[in-house]
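Structural overview
Given next are the chains, with one letter for each unit.
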Amino acid sequence: MKLENPTPIEWKFSERAEQLQSSAIREILKVTMRPEVISFAGGLPSPETFPVERMQAAFDKVLSQQGKSALQYGPTDGYAPLREYLADSLSVNGSQILPEQILMVSGSQQGLDLLGKVLVDEGSKVLVETPSYLGALQAFSVYQPKFESVDTDEHGLIPASVAAKGEGARLMYALPNFQNPTGRTLPMERRVELVETCARMGIPLVEDNPYGDLCYTGEPLPKMLNMNPAGVIYMGSFSKVLTPGIRLGYVVGPATLIRKLEQAKQAADLHTAQLTQMVVYEVIKDGFLGQHIPTIRTFYAKQCQVMLDAMSQYFPQGVEWTRPEGGMFIWVTLPRHIDSNQLLAEAIQQNVAFVPGAPFYANNPETNTLRLSFVTVSPERIHEGIKKLGTLIRSKL
Ligand code: PMP
């Protein structure tokens, strides 16, 4: 039986829901799906790097050997062997991380939401970098904080600004490696100063590190987690080193916090899929990432260099950009009078896309900035797209 002409519901959304907005990036991505568009807008890892066969073999093995437990409900904190593996690999520089300090989550994005849920009240002070990861601003915004933007320069976050603005903050959200959106990396001295400042002021320091392994040369800088495991909340992700579609990340922190996050996660989704956790464990347990990550680094380093070379060739004087040492993004600062939102509208007409910088600012957006991603576009198309963008910018000078 189906009702005839039911009265349409007049939706009364919660105040929280009323202030939700779609991410600017997701909106742009809809336009950039057209194949003729050269898109530097996405934040997607390159599918060329996905170890599809390896994953397939692991799915087959897990399902044939442990199918019943892989398809059953599992514990909220996650698959124990994977947590033990991660605890072991995070225990460096004399700091020991225990499995009970790790919560597996459905992508580190879920970790951000859970952190907001357990640490942020309406009006709570939350410190973020200027600019910061849009997805984190979105995740925390649901809990209606008051964002305080911490000053940054070409080396990233300035710890003295945390000391000046941080009194009473519920958390400091930091991206020390190849930051999204700027590509900047926080130098060692600043890491130490930031950890010390937050510890002195009693501010939980969130270290979000999805790109940390993607350094083009040398080895990643030490994690802030290991400098003060009692005060740092570390967020890791398999999205950029394996594949994002499996939605697997982890939060590491003091056990008291992790238990609270676990309660929040239980309420949200009971647990992250056992099957994917078991498959990822199967893929990585014998050191696969040690061979796989260097291939991603080499691939991204080359793509990045192609874009930097094209920018030097085609961008006019007065345009500045970052030179990342890893990760997936370059940040561009245009002359002040150019609004990157308007520029995008014109660029899309010429089949080139990027992300305007404004949505990455919690306060006082700098509208003359934009983010470029170089990882999913072929070198030829990077050249073509940057050339078009350069011509467009030149026409505004
Ligand atoms: N943090 C940062 C800085 C990111 O760039 C992203 C993905 N774009 C995430 C967290 C979320 O990653 P995931 O949920 O795929 O682990």
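Because the structure is predicted, anything quoted here is derived from the model rather than measured.

Put simply, an interface is often sized by how much accessible area is lost when its parts join up. Per the domain assignment, the segments of the chain are domain 1 (15-51 + 290-396) and domain 2 (72-286). Using C-alpha coordinates to define each centre, domain 1 is positioned 25 Å away from domain 2. The interface of domain 1 with domain 2 comprises 36 residues on the first partner and 35 residues on the second. Counting the surface lost from both domain 1 and domain 2, the interface buries some 2,900 Å², and carbon and sulfur atoms represent 64% of this. Applying the counting criterion to the domain 1 and domain 2 interface returns zero salt bridges. At the junction of domain 1 with domain 2, the criterion picks out eleven residue pairs in polar contact (both at pLDDT 80 or more). Those elements that provide at least two residues to the side of domain 1 that touches domain 2 are α2 (24-32), α11 (288-314) and β12 (329-333). Per-element tally for the side of domain 1 that touches domain 2: the top contributor is α11, with seven residues.

This brings us to unusual backbone geometry. The phi angle of most residues is negative, glycine excepted, and most peptide bonds adopt the trans form. A cis geometry characterises the amide bond from T130 onward to P131, with omega recorded as -5°. Along the chain, P131 turns up in the loop between β3 (125-129) and α6 (134-141). Residue N180 is joined to P181 through a cis peptide bond whose omega torsion reads 20°. Its location among the elements puts P181 in the loop between β7 (171-174) and α8 (188-201). Unusually for a residue other than glycine, Q144 sits at a positive phi of about 55°. Mapped onto the elements, Q144 comes out in the loop between α6 and β4 (146-150). Residue classification places Q144 among the partly exposed residues on the basis of a relative accessible area of 25%. Even without glycine at this site, L270 takes up a positive phi of about 65°. One can find L270 in the loop between α9 (255-269) and α10 (274-284). Given the relative accessible area of 43%, L270 is considered partly exposed.

Next up on the list: the site of the ligand. Taken together, 13 residues are adjacent to the ligand, and S108, D208, Y211, S237 and S239 come closest. Here an oxygen atom of the ligand and a side-chain polar atom of R247 are 2.8 Å apart. For the ligand, whose accessible area on its own is 400 Å², the fraction buried by protein is 91%. The residue inventory of the shell around the ligand, partitioned by class, reads four nonpolar, six polar and three charged.

A few words now on the pairing of strand β2 (residues 102-105). What you see with β2 is no split at all: I102 and M104 on one side and L103 and V105 on the other are buried throughout. Across four bridges, the pairing between β2 and strand β10 (residues 249-252) is antiparallel. Directly across from V105, in β10, lies its bridge partner G249.

The next subject is the environment of D269. Residue placement: D269 occurs in helix α9. Separated by 164 residues in sequence, D269 and V105 have C-alpha atoms that sit 9.7 Å apart. A polar atom in the side chain of D269 sits 3.1 Å from the side chain of Q110.

Before going further, it helps to examine α8. Here α8 is 14 residues long and its end C-alpha atoms lie 20 Å apart, about the 20 Å a rise of 1.5 Å per residue gives. Taken together, the buried positions of α8 are occupied by R190, R191, L194, V195, T197 and C198. Across the axial projection of α8, the buried residues extend over an arc of 165°, all falling on one side. Counted as exposed and oriented over 90 degrees from the buried face of α8: E189 and R200. Those residues of α8 that are buried are in contact with β5 (152-153), β6 (156-157), α7 (159-165), β7 and β8 (205-208). Immediately beyond the C-terminal end of α8, within one or two residues, lies G202, with a positive phi of roughly 70°.

Turning next to the sheet that holds strand β11 (residues 320-321). Strand order across the open sheet formed by four strands is β11-β12-β15-β14, with antiparallel pairing between neighbours. Edge positions in the open sheet fall to β11 and β14 (355-356), since each of these has one partner strand only. Of the strand pairs in this sheet, β14 and strand β15 (residues 369-373) are connected by two bridges, and their pairing is antiparallel. Bridge pairing in β15 links P356 to L370. Across the sheet, α11 touches β11, β12 and β15, and the angle it forms with β12 is around 20°.

Here is what the cut-offs are and how they apply
Residues numbered from 1 in each chain as written. Predicted model: local features only at pLDDT ≥ 70, side-chain atom pairs only at ≥ 80, totals over all residues. Heavy atoms only, no water. Domains from an automatic or database assignment. Contact = heavy atoms within 4.5 Å. Buried area = accessible area lost by both parts, 1.4 Å probe. Salt bridge = Lys/Arg side-chain N within 4 Å of Asp/Glu carboxyl O. Polar contact = N/O pair within 3.5 Å; in protein donor to acceptor, adjacent residues only side chain to side chain. Helix = DSSP H or I, 4+ residues; strand = E, 2+ residues; numbered from the N terminus. Buried < 20%, exposed > 50% of the residue type's maximum accessible area, 1.4 Å probe, protein only. Near = heavy atom within 4 Å. Areas by Shrake-Rupley, 256 points an atom, 1.4 Å probe, with all protein chains shown as cover. Nonpolar A, V, L, I, M, F, W, Y, C, P; charged D, E, K, R; others polar. Pairing = 2+ DSSP bridges. Expected span 1.5 Å × (residues − 1). Arc of directions from axis to C-beta. Axes fitted to C-alpha atoms, helices over the stretch in contact; angles between N-to-C directions.

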